[in-house]
Amino acid sequence: MRNPEWILFDCMETIVDVVEKPELRKYSFWCYNGCGYESLWDGFDSFVEDYVRIRDNLRANHEKYRELNCLDIYRLMVSEKLPDNKQAETAAQRILQNYWANYVKNCYVDNTVLYTLRELSSRFHCGVVSNFMVDGGIEELLKRNDILQYFDFVVTSVRTGWKKPHLRIYDDAMSNIYVPKEKVLFVGDNYDCDYVGPRQYGFESLLLDKEDQYPQVTERIHAIRELPGWLGLAI
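Residues numbered from 1 in each chain as written. Predicted model: local features only at pLDDT ≥ 70, side-chain atom pairs only at ≥ 80, totals over all residues. Heavy atoms only, no water.

Looking only at helices and strands, one finds 10 helices and 8 strands in the protein. In summary, the protein has a C-alpha radius of gyration of 19 Å against a globular reference of 18 Å for 235 residues, a match within 12%. Over its C-alpha atoms, taken along the principal directions, the protein stretches across nearly 60 × 35 × 30 Å. Here the protein holds 235 residues, and the buried ones make up 50% of them. When contacts within the protein are restricted to residue pairs at least 6 apart in sequence, long-range pairs at least 24 apart make up 64% of them. Just so you have it, the protein exposes about 11,500 Å², and 45% of that area is on carbon and sulfur atoms. Averaging the positions of the 28 positive and the 37 negative side-chain charges in the protein gives two centres separated by 1 Å. (Helix = DSSP H or I, 4+ residues; strand = E, 2+ residues; numbered from the N terminus. Rg over C-alpha atoms; globule rule 2.2 N^0.38 Å. Buried < 20%, exposed > 50% of the residue type's maximum accessible area, 1.4 Å probe, protein only. Contact = heavy atoms within 4.5 Å. Areas by Shrake-Rupley, 256 points an atom, 1.4 Å probe, with all protein chains shown as cover. Lys, Arg positive; Asp, Glu negative; His and termini not counted. Charge placed at Lys NZ, Arg CZ, Asp CG, Glu CD.)

Have a look at this one:
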């Protein structure tokens, strides 16, 4: 199928790129350093240890593919340090704000992606379906980078409660779409979440294989700018 009526995109590292790849200690440092509550921990390593312990405990008590909200993790971390609920909430919110201010500086949209999205959105309905732990974060990133207007809707795992490749997040996407699944093309860079999962759900899928890691996959491109050509469009 190369005549979809809808194109659904993953977000991070598909249409919004990052300067530095995700890595636990780096992202933890963005939470910790400058948050104003560093003294609650015995240094940065202690903060990372608490984060990993609480995150992993939450995951162990959730069904597979259940999404976590990073703010809930911060709340549990500081509640162990601050018995006053109001103070703990203030601290958790401040850690989130600190993390987010650093995160958005690490994100950008390539000009070729911007141009491609503008052209595709004039010919297709488009949506975003993303795994993300910051509530409202994907919407803000799209708006900051001036591409939110190219999408009819945004579905995120933190709102749905389920991560790709769980079918519930694809169900949430389909609740915004009034065509058969086979008229939907899913595009993203994660083999399981954006290629296999959508295909098993009933969508067509196209893998964004930037580093040529999946030569066995027939339906793939190496950059978003290749998508119009793959669809047979002259842009």
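Before going further, it helps to spend a moment on the sheet that holds strand 7 (residues 204-208). Pairing is parallel in the open sheet, where 6 strands are placed in the order 5-4-1-6-7-8. At either margin of the open sheet sits one strand with a lone partner, and together these are strand 5 (153-156) and strand 8 (220-221). Alignment of strand 4 (residues 125-130) against strand 5, held across 4 bridges, turns out to be parallel. Within the sheet, the bridge partner assigned to Gly 127 lies in strand 5 and is Phe 153. Packed on one face of the sheet, helix 9 (residues 191-201) meets strand 6 (184-188) and strand 7 and runs near 165° to strand 7. (Pairing = 2+ DSSP bridges. Axes fitted to C-alpha atoms, helices over the stretch in contact; angles between N-to-C directions.)

Attention now goes to the nonpolar core. Counting 61 residues, the largest nonpolar core has Phe 9, Met 12, Ile 15, Tyr 74, Tyr 103, Phe 151 and Leu 227 as the members making the most contacts within it. A per-element tally of this core places helix 4 (residues 85-105) first, with 9 residues. Ile 15 has contacts with Phe 9, Asp 10, Tyr 108, Val 109, Val 113, Leu 117, Val 128, Leu 142, Ile 147 and Phe 151, leaving out every residue within four places of it along the chain. (Core = buried A, V, L, I, M, F, W, Y, C linked by side-chain atoms within 4.5 Å.)

Next up on the list: the pairing of strand 4. Counting buried residues in strand 4 gives 5 out of 6 residues, a clear majority hidden from the surface. Alignment of strand 1 (residues 6-9) against strand 4, held across 4 bridges, turns out to be parallel. Considered in strand 4, the bridge of Phe 9 is made with Val 128. Following the chain from strand 4 across helix 6 (residues 137-144) to the adjacent parallel strand 5, one finds a crossover that is right-handed. (Right-handed = clockwise from strand over helix to strand, strands pointing away.)

Note on aromatic pairs: each is described by the distance of the centres and the angle between the planes. Going through the model one piece at a time under the given rule, you end up with 21 aromatic pairs. Geometrically, the ring pair formed by Tyr 27 and Tyr 99 is edge-to-face, given 6.1 Å between the ring centres and 65° between the ring planes. Placement of Tyr 27 in helix 1 (residues 24-32) and of Tyr 99 in helix 4 is noted, with a sequence separation of 72 residues between them. The same class applies to Tyr 27 as to Tyr 99, namely buried. Among the aromatic residues, those joined into a ring-pair cluster are Tyr 27, Trp 30, Tyr 99, Trp 100, Tyr 103 and Phe 132. (Phe/Tyr/Trp six-rings, centres within 6.5 Å; stacked < 30°, edge-to-face > 60°.)

Summarising the element assignment, Ser 28 is placed in helix 1. On the basis of relative accessibility, which here comes to 3%, the residue Ser 28 falls in the buried class. Ignoring sequence-local partners within four residues, the contact set of Ser 28 consists of Phe 44, Phe 47 and Val 48.

With that settled, consider the pattern of salt bridges. Using the criterion set out here, one finds 17 salt bridges in the structure. With a closest N to O distance of 3.1 Å, Asp 72 and Arg 75 form a salt bridge. Taken as a pair, Asp 72 and Arg 75 lie in helix 3 (residues 70-79) at a separation of 3 residues, close to a single helical turn. Judged by relative accessible area, which is 36%, Asp 72 ranks as partly exposed. Arg 220 is the salt-bridge partner of Asp 209, the closest N and O atoms lying 2.7 Å from each other. In this pair, Asp 209 sits in the loop between strand 7 and strand 8 while Arg 220 sits in strand 8, placing the two residues 11 residues apart along the sequence. (Salt bridge = Lys/Arg side-chain N within 4 Å of Asp/Glu carboxyl O.)

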